[in-house]
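Chain and residue survey
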Amino acid sequence: MTLQSVNLTRRGETATLTLVTKKGTLGPTFWREMPAVLEELARSRVVILRGQDLFSAGLDLHESGAQILPVLGDPEAFKAVVDEMHATIEGLAALPVPVIAAVHGWCIGAGLELIAAADLRLCSQDARFSLPEVKLGITADLGGLQRLPHLIGRGRAAHLALTADPIDAATAERWGLVTEVHASPEALFARADALADQLAALPPRALEGTKRTLNDDRPHRQSLDSAVAWNAQHMTAEALLGALRK
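Residues numbered from 1 in each chain as written. Predicted model: local features only at pLDDT ≥ 70, side-chain atom pairs only at ≥ 80, totals over all residues. Heavy atoms only, no water.

The name an unreviewed UniProt entry assigns to the protein chain is Putative Enoyl-CoA hydratase/isomerase, from the organism Deinococcus deserti. Under the UniProt heading Sequence similarities (unreviewed entry), the entry covering the protein chain gives this text: "Belongs to the enoyl-CoA hydratase/isomerase family." (UniProt positions renumbered as here; feature names shortened; annotations may be inferred.)

1. Re helix α2 (residues 61–68)
For α2, the full list of buried residues reads S64, G65 and I68. One side of α2 holds all its buried residues, which, seen down the axis, span an arc of 110 degrees. Of the exposed residues in α2, the ones pointing more than 90 degrees away from its buried face are H62 and A66. Those residues of α2 that are buried lie in contact with α1 (28–41) and α3 (75–93). (Buried < 20%, exposed > 50% of the residue type's maximum accessible area, 1.4 Å probe, protein only. Helix = DSSP H or I, 4+ residues; strand = E, 2+ residues; numbered from the N terminus. Arc of directions from axis to C-beta. Contact = heavy atoms within 4.5 Å.)

2. Concerning the domain arrangement of the protein chain
Frequently, the measure chosen for interface size is the accessible area that the parts lose on association. Segmenting the protein chain into domains produces domain 1 (6–200) and domain 2 (203–245). Distance between the C-alpha centres of domain 1 and domain 2: 27 Å. Each partner contributes to the interface: domain 1 provides 10 residues, whereas domain 2 provides five residues. Counting the surface lost from both domain 1 and domain 2, the interface buries some 560 Å², and carbon and sulfur atoms represent 53% of this. The tally of links between domain 1 and domain 2 comes to one salt bridge. Across the domain 1-domain 2 interface, the total number found is three residue pairs in polar contact (both at pLDDT 80 or more). Along the lines of polarity and charge, the residues of the side of domain 1 that touches domain 2 split into eight nonpolar, no polar and two charged. (Domains from an automatic or database assignment. Buried area = accessible area lost by both parts, 1.4 Å probe. Salt bridge = Lys/Arg side-chain N within 4 Å of Asp/Glu carboxyl O. Polar contact = N/O pair within 3.5 Å; in protein donor to acceptor, adjacent residues only side chain to side chain. Nonpolar A, V, L, I, M, F, W, Y, C, P; charged D, E, K, R; others polar.)

3. A closer look at the sheet that holds strand β6 (residues 120–124)
The strand order across the open sheet formed by six strands is β1-β2-β3-β4-β6-β9, and the pairing between neighbours is mixed. Pairing within the sheet leaves two strands with one partner each, and these edge strands are β1 (6–11) and β9 (180–182). Averaged over all pairs of adjacent strands, the angle between strand axes in this sheet comes to 20 degrees, irrespective of strand direction. Sheet topology note: the β1/strand β2 (residues 14–19) ladder contains six bridges and is antiparallel. When the sheet's bridge partners are listed, N7 is paired in β2 with T18. (Pairing = 2+ DSSP bridges. Axes fitted to C-alpha atoms, helices over the stretch in contact; angles between N-to-C directions.)

4. Examining the packing of helix α9 (residues 204–214) against helix α10 (residues 220–234)
Pairs of packed helices are described in terms of their axes, by the angle between the two and the distance that separates them. Packing of α9 against α10 leaves a shortest axis separation of 10 Å and a crossing angle of 170 degrees. Viewed along their axes, α9 and α10 adopt a mutual orientation that is roughly antiparallel. Counting all contacts with α9, which are made through R205, E208, G209, R212 and T213, the residues of α10 involved are S223, A227, W230 and H234. Here the residues of the contact of α9 with α10 are counted per class, giving two nonpolar, four polar and three charged. (Parallel < 35°, antiparallel > 145°, perpendicular 65-115°, else oblique.)

5. Some words on the nonpolar core
Counting 52 residues, the largest nonpolar core has L112, F129 and L177 as the members making the most contacts within it. Setting aside residues no more than four positions away along its own chain, L177 makes contact with L112, R121, F129, L148, I152, I167 and A172. (Core = buried A, V, L, I, M, F, W, Y, C linked by side-chain atoms within 4.5 Å.)

6. Focus on the layout of surface pockets
Reported here for the largest pocket is a volume of approximately 710 Å³. In this structure, the largest pocket is lined by 21 residues; those nearest its centre are A118, D119, L151, L214 and N215. Looking at the lining of the largest pocket, the elements that each hand over two or more residues are β6, α5 (144–152) and α9. Split into classes, the residues belonging to the lining of the largest pocket amount to 11 nonpolar, four polar and six charged. Approximately 480 Å³ is the volume attributed to the second largest pocket. (1 Å grid on protein atoms, 1.4 Å probe; cavity = no way out; pocket = protein on both sides within 12 Å on 5 of 7 lines; lining within 4 Å. Points joined across faces, edges and corners; volume = space filled by probe spheres on them.)

7. Observations concerning the pairing of strand β3 (residues 46–51)
Of all six residues in β3, five are buried; the element is thus mostly enclosed. Relative to β3, β2 is paired through six bridges, and the arrangement is parallel. Looking at β3, one finds that T16 is bridged to I48. Of the crossover connections in this fold, the one passing from β2 over α1 to the parallel β3 is right-handed. Two elements, β3 and strand β4 (residues 99–103), share four bridges in a ladder whose sense is parallel. Pairing of V47 across the sheet is with V99, part of β4. (Right-handed = clockwise from strand over helix to strand, strands pointing away.)

Quick look at the structure:
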């Protein structure tokens, strides 16, 4: 597969997706390429999402603006443009395997909404996070305003979104946006690889079921029954007895 906006590599059972556009910007090529990439990622056991020189400067305003400006005022045409972006971020969230976002440098706008769709988020000390859409006259509409309140609480999500003020790595960890902060990008990527190896060694159906249940926003009883049904269908005596022998 020849790709322009991302680099897809494999190491054992882990697929690493690296944003390789200038400053990790997310433009029309990225959104167009991602459906096929997501199909490839679903065949792995774990996915690592990272940037190259930094994580992401967000939406490519020049290229994406050329798509968006002609459809302003036309809700159906505007929705068609944004739906292509939604397909990527919602598709990432729906992958049946764990997704680890490893963030270094800036993670801005659509980049932040992208990592909000990951399952685990790690960063290096130089990471900075920002949701600056209001400064551009935009309401963030790629899932960040829906996911961030569940990750960091409504008040902190509102602070990010309404002020557009960036936060540093230490604040991101304190707020719960990331669970680990590492001294350098190199240490971050090494830790992401080690964590991916740890997850890849676990029973894949158990990981998938756990992810499905964590993301299940139905009422408590329905979610609980669904988890039980998943175990009844996918739990194996071999895995259970193997765990008991350890």
